[in-house]
Amino acid sequence: MDPLTWLLIPLATVFMASVWSCCAGRSRRADVWTDVQRYDRLRAALARAASADSPATPVSSG
C-alpha cells in the first residue's frame with residue numbers, strides 16, 4: 001500500500017497543474033476602463049456618504 005500512496009503525489013500534482021493551467025489560461029472579461037469608471041463612482045458615493053455622516057458644525061466641548 002505504501003508505494004501506491006507515493007504514486008498519488010505525482011498524480012495529484014499533475015491534476016492540480018492542469019486545473020491551474022485551465023484557470024490561468026482563461027480569457028478575462030474585465031474591461032479596464034469600465035472598472036476605473038465603476039471605482040470612481042464608488043469613491044464618489046463613499047465621499048458623499050462620509051460627508052453626510054460628519055456634523056455640519058464642529059461640536060465644542062467645554
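Okay, so let's go over this structure. Predicted model, so just to flag it, every value in this text is computed and none were measured.

### So, the overall build of the chain
Across its full length, the chain holds 2 helices and 0 strands. Across the 62 residues of the chain, 0% fall into the buried class. Of the accessible surface of the chain, which amounts to about 6200 Å², a share of 67% is contributed by carbon and sulfur atoms.

### Regarding helix H1 (residues 2–25)
The end-to-end C-alpha distance of H1 is 36 Å, a good match for the 34 Å that 24 residues give at a rise of 1.5 Å each. With 0 of 24 residues buried, H1 lies mostly on the surface of the structure.

### Observations regarding the state of the cysteines
What the rule picks out here adds up to 0 disulfides. Of the cysteine sulfurs around Cys23, a residue in no disulfide, the closest is that of Cys22, at 6.8 Å. For Cys23, a relative accessible area of 43% gives the class partly exposed.

### Re the pattern of salt bridges
Tallied over the entire structure, the rule returns 2 salt bridges. Close ionic contact of Asp35 with Arg38 constitutes a salt bridge, the shortest N to O distance being 3.8 Å. Separated by 3 residues within a single helix, Asp35 and Arg38 lie in helix H2 (residues 32–53), roughly one turn from each other. Residue Asp35 is classed as partly exposed on the basis of its relative accessible area, which comes to 33%. Among the ionic pairs, Asp40 bridges to Arg43, the shortest N-O distance being 3.7 Å. Of the two residues, Asp40 and Arg43 both sit in helix H2, 3 residues apart, roughly one turn of that helix.

### A word on a nonpolar patch on the surface
On the surface, Met1, Leu4 and Leu7 cluster together into a nonpolar patch covering about 380 Å² of accessible area. Among the secondary structure elements, Leu4 is positioned in helix H1.

Thresholds applied
Residues numbered from 1 in each chain as written. Predicted model: local features only at pLDDT ≥ 70, side-chain atom pairs only at ≥ 80, totals over all residues. Heavy atoms only, no water. Helix = DSSP H or I, 4+ residues; strand = E, 2+ residues; numbered from the N terminus. Buried < 20%, exposed > 50% of the residue type's maximum accessible area, 1.4 Å probe, protein only. Areas by Shrake-Rupley, 256 points an atom, 1.4 Å probe, with all protein chains shown as cover. Expected span 1.5 Å × (residues − 1). Disulfide = S-S within 2.5 Å. Salt bridge = Lys/Arg side-chain N within 4 Å of Asp/Glu carboxyl O. Patch = residues over 30% accessible without salt bridge, like charges linked within 9 Å, V, L, I, M, F, W, Y side chains within 5 Å.

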